[in-house]
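# Commentary on secondary and tertiary structure
Here are the chains, one letter per residue:
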Amino acid sequence: MRRAVVAFLLLGIILVSGQGTDDAFDDDVVVSTEEDSPDQVAEDESILYESPKATPGKFYFAEHFDNLDAFGKQWIKSQAKKDDTAEEIAKYDGVWEVEAPQRPILKQDLGLVLKSKVKHAAIAARLTKPFVFKDKPLVVQYEVTMQEGQECGGAYIKLLSAGKETNDLSQFRDKTPYTIMFGPDKCGNDIKLHFIFRHVNPLNGSITEKHCRKSKDRIEEPFRDKQPHLYQLIVRPDNTFEIRVDHNIVNEGSLLTDFTPPVNPPREIDDPTDIKPSDWDEREKIPDPDTQKPDDWDEEAPPQIPDASASKPDGWLDDEDEMIPDPNAVKPDDWDTDMDGEWEAPLVANPVCEKAVGCGVWKAPLISNPNYKGKWRAPLIDNPNYQGKWAPKKIPNPDFFEDLNPFRMTTIAAVGIELWSMSSDILFDNIIITDDTVAADQWAAQTYDLKRKQIDREAETLVTRLVNYTNENPWMWGVYVVVVGLPLSIAIFFLCSSSKDKSIPDVARSKKTDDPVPDDLIGDGPQARSKSDLDEPTPLNTHESETHGKGDNNGRDDGVNNSPRDDVDESGGATAVVDDDDGEDEASEDEGEIINAKESEGTEEDEQNVQRTESVTASVAATEGTRKRKPRRE
C-alpha cells in the first residue's frame, strides 16, 4: 500500500510539472543543457524585439527612438534661455543622447536620455498632424526610466499649443505655451503625477492653469526602482479623464469638478464693498457679568513653595562652590586684554563636591502650593447679543461664465520635454499621441509589455511561475487537492499507523480503550499481574470479599490476595483459576532488595533481615502450594 501511495505522489508531481511546463510557461523559455554556453542561453532567453510601426491614420505622433537618422531630423534641441535667471545658468544646455539603457532589456531598443543634471534642458518635436479637440479622445502615452533614481526633478512632457510661439522649436522654453503638461515629478517627499491643462476664458481670452487633484495613492516606486514605467493619459470628449501607470488606473475624474481652480467660476461672489459693522457681536460666549472674584482668592500665591519640613543634610559643604575656575587653565598667548577683556579661567566641577552630599548654599526643595489657585476668571455664559458669524453679502459675479465642454482645448502642434533635474540619465521612450486607446494598447504590447515580461522572466523562479499560473487558472487548486492533498493525507494516515510499537503487550495497549484492565503490569509473559491485583484486589464473590486480607485457609496472612480468582465469561461459565505465583516473585524481589541494601550499609540488622526474608519466602511457598491443591470450581 505504501508503494502505491508513493507512486501516486510521484504521478501527481509529474502531472503538475507537465501542466506547468506546457501551459504556465511560454514556449520561448529555453531550458539550458550542459552543452549550452552561457552566451547562447542568454541569447535564447531574450525576447525578440522589433521597433513598433505606427498604423497609418491612427497616430498623431509616434516615436520609439530606435532610428537615429529619423530622430536627428524630427527632434530639435532648444537654444533658448530662461528669463529672470542668472546668465551662467539661464541657457538650456542640458545634454540629450539617444542610447541603449544602462541595463539593456530588449536588444536594439534605444531611448532618449537626459545625460546631464542640475542644468536646464529642453527638446521638442512637431506632431505628424495637429491634434484638434473635437469628438475623439486624446491619448498620451510614454515610458520613463529613472536609471539613477530621482530625489528632485521631473520627467513630464508638454503638449505644445499651436501658434506662432511654437513655430520655432529651437526657442522652446519654460514660457512656451502648452495645452497639457503630464507626467511624474518629485522633490523630497513631495511626489506628484501632473495633469495640468491651460483653459482659455471664453469672455476675455485669458489663460488659466487647471491642476488635477492628487491621486489618493503615493506613486513612489518609479522614482527609486530604476525600472521602466508606462504613463498614460486619456481625456475624453465627455470631459472625463483617466490616468494610468503601468496599465493601472491611479486617478480619474471630470474636467469640470476635479481641478483647481475650477474651470467655471462661481455665479456669486462676496461683495468687496460690504464691511462688517463696528457693533457686530460675533462672540458666542461671554464672561458672566454677575459673578465676582471671591475674597479669599489669592492670585499672587506661587504654584510652588519651599518644603518647610525639609532640613539640610549632614555633610553639606556650605563654603564650597559647585563650580570653580579650572586650576590647570592657562591664558592663551594671543589673548589681548584690551580687545578681549580680562581673562578668566573656564569653570569646572569642584572635585571636593564629588564625594560630598552637596555644595553651596542649601535651599529647601519646592513642593506644590496647596493654596495656589491661579488667575481668577469669570465663568462663561451664552452671549445674549450674539449675532452670528458675519459674512459679506453675495453679488452676481461679473466674471462668471459657464464652459460646459472644457475638453475643447487649444490645438496641439508639438510635443516637448523641458526639465531641470538633480539626477541624470533619465530615459524617455515610446512617446505616442493618438485618439485610439486600442492602438495605444497595441503599441504598449510591442514595447513596454515586452520589457516588463523580460524583467519578470529574469526575476522569476519555478515557484513564482506556478503561483502566477494558478492565479490565472483557479481550476489548478482542484488539481492540487486531488493530486497532492489526497495522497498526502493517505501517507500521513499510514505513517501514523506504522508508528504502533509492537513491543508493547496487547493488554497494555488496550489501556487506550474503555475496557477495564490493570494499570501496571508486574512480571513477564502470561504470568504478568497488575499492581492493583497485589495491593487492592477486586473480590469476585461474597466469600472472597470476606476472606480478602485475612489470610488463606490456614489462617496465614501474607499481605497478598490469596483467594483464587476465576474469570467468568458472558455465558456464566467459569474459566481456569488465575495463578498468583508472581506474588512470591514480588515478595522475593522486594526482600532481596532490602537484604542488598542492608548488606551494603554494614549495619547490625543484616542477620535479622535475612531470617525475616527466609520466613516470608517459606510462608509464600506454602500458600502457593495450598492454592495449587484447590480443585477447579465448576
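Residues numbered from 1 in each chain as written. Predicted model: local features only at pLDDT ≥ 70, side-chain atom pairs only at ≥ 80, totals over all residues. Heavy atoms only, no water.

### Observations concerning the pattern of salt bridges
Taken as a whole and assessed by the stated rule, the structure comprises 30 salt bridges. With a shortest N-O distance of 2.7 Å, D83 and R173 are connected by a salt bridge. Note that D83 is positioned in the loop between β2 (75-77) and α4 (87-90) and R173 in the loop between β8 (157-161) and β9 (178-187), a separation of 90 residues in sequence. Across the pair D258 and R213 runs a salt bridge, and its minimum N-O distance is 3.1 Å. With D258 in the loop between β14 (248-254) and β15 (259-260) and R213 in the loop between β11 (207-212) and β12 (228-235), the pair connects residues that are 45 residues apart, well separated along the chain. Here the salt bridges do not stand alone but share partners, grouping D109, E143, D429 and K451 into one network. (Salt bridge = Lys/Arg side-chain N within 4 Å of Asp/Glu carboxyl O. Helix = DSSP H or I, 4+ residues; strand = E, 2+ residues; numbered from the N terminus.)

### Here we look at the nonpolar core
By size, the foremost hydrophobic cluster in this structure holds 64 residues, and its most contacted members are L138, I180, F195 and F428. Broken down by element, the residue count for this core peaks at seven residues, all from strand β5 (residues 120-131). Counting residues in hydrophobic clusters, the runner-up holds seven residues, among them V139, I234, A440 and W443. (Core = buried A, V, L, I, M, F, W, Y, C linked by side-chain atoms within 4.5 Å. Buried < 20%, exposed > 50% of the residue type's maximum accessible area, 1.4 Å probe, protein only.)

### Section: unusual backbone geometry
Between T260 and P261 the backbone carries a cis peptide bond, its omega angle lying at -10°. Despite not being glycine, Q108 shows a phi value in the positive range, around 65°. Topologically, Q108 is positioned in the loop between β3 (96-99) and β4 (111-114). For Q108, a relative accessible area of 69% corresponds to the exposed category. The phi torsion at N239 lies on the positive side, around 75°, for a residue other than glycine. Summarising the element assignment, N239 is placed in the loop between β12 and β13 (240-245).

### Comments concerning helix α6 (residues 437-446)
A439, A440, W443 and A444 are the residues of α6 that are buried. Relative to the axis of α6, the buried residues are bounded by an arc of 140° and lie together on one face. Structurally, the start of α6 carries an N-cap: the backbone nitrogen of V438 is 2.9 Å from a side-chain oxygen of D436. (Arc of directions from axis to C-beta. Polar contact = N/O pair within 3.5 Å; in protein donor to acceptor, adjacent residues only side chain to side chain.)

### Observations concerning the packing of α6 against helix α7 (residues 448-459)
Two elements in contact, α6 and α7, have axes separated by 3 Å at closest approach and are oriented at 35°. Of the residues in α7, those touching α6 at A444, A445 and Q446 are Y448, D449 and L450. Per-class residue counts for the contact of α6 with α7 are four nonpolar, one polar and one charged. (Axes fitted to C-alpha atoms, helices over the stretch in contact; angles between N-to-C directions. Contact = heavy atoms within 4.5 Å. Nonpolar A, V, L, I, M, F, W, Y, C, P; charged D, E, K, R; others polar.)

### Some words on the state of the cysteines
In this structure the tally under the stated criterion is two disulfides. A sulfur-sulfur distance of 2.1 Å marks the disulfide that ties C152 to C187. Negative torsions about the S-S bond denote left-handed disulfides, and the value of about -85° found for C152 with C187 makes this one left-handed. With a gap of 35 residues between them, C152 in strand β7 (residues 152-154) and C187 in strand β9 connect regions that are remote in the sequence. C353 shares a disulfide with C359; S-S distance 1.9 Å. (Disulfide = S-S within 2.5 Å.)

### A short note on the pairing of strand β6 (residues 138-146)
With nine of its nine residues buried, β6 lies for the most part within the structure. Going residue by residue along β6, you find L138, V140, Y142, V144 and M146 tucked away on one face and V139, Q141, E143 and T145 tucked away on the opposite face as well. Pairing of β6 with β12, which is carried by eight bridges, proceeds in the antiparallel orientation. Residue pairing for β12: E143 is matched across the bridge by L230. (Pairing = 2+ DSSP bridges.)

### Side note on α7
In a regular helix each residue adds 1.5 Å, so twelve residues correspond to 16 Å; α7 covers 17 Å between its end C-alpha atoms and thus fits that length. Taken together, the buried positions of α7 are Y448, L450, K451, Q454, I455 and R457. (Expected span 1.5 Å × (residues − 1).)

### Some remarks on the packing of aromatic side chains
A complete count under the given rule lists 18 aromatic pairs for this structure. Between the aromatic rings of W96 and F428, the centroid separation amounts to 6.4 Å while the plane-to-plane angle is 50°, which identifies the pairing as tilted. Placement of W96 in strand β3 and of F428 in strand β25 (residues 426-434) is noted, with a sequence separation of 332 residues between them. Among the residues examined, F428 registers a relative accessible area of 0% and is labelled buried. Across from the ring centre of Y60, 4.8 Å away, lies the NZ or CZ of K129, which sits over that ring. (Phe/Tyr/Trp six-rings, centres within 6.5 Å; stacked < 30°, edge-to-face > 60°. Lys NZ or Arg CZ within 6 Å of the ring centre and 35° of its normal.)

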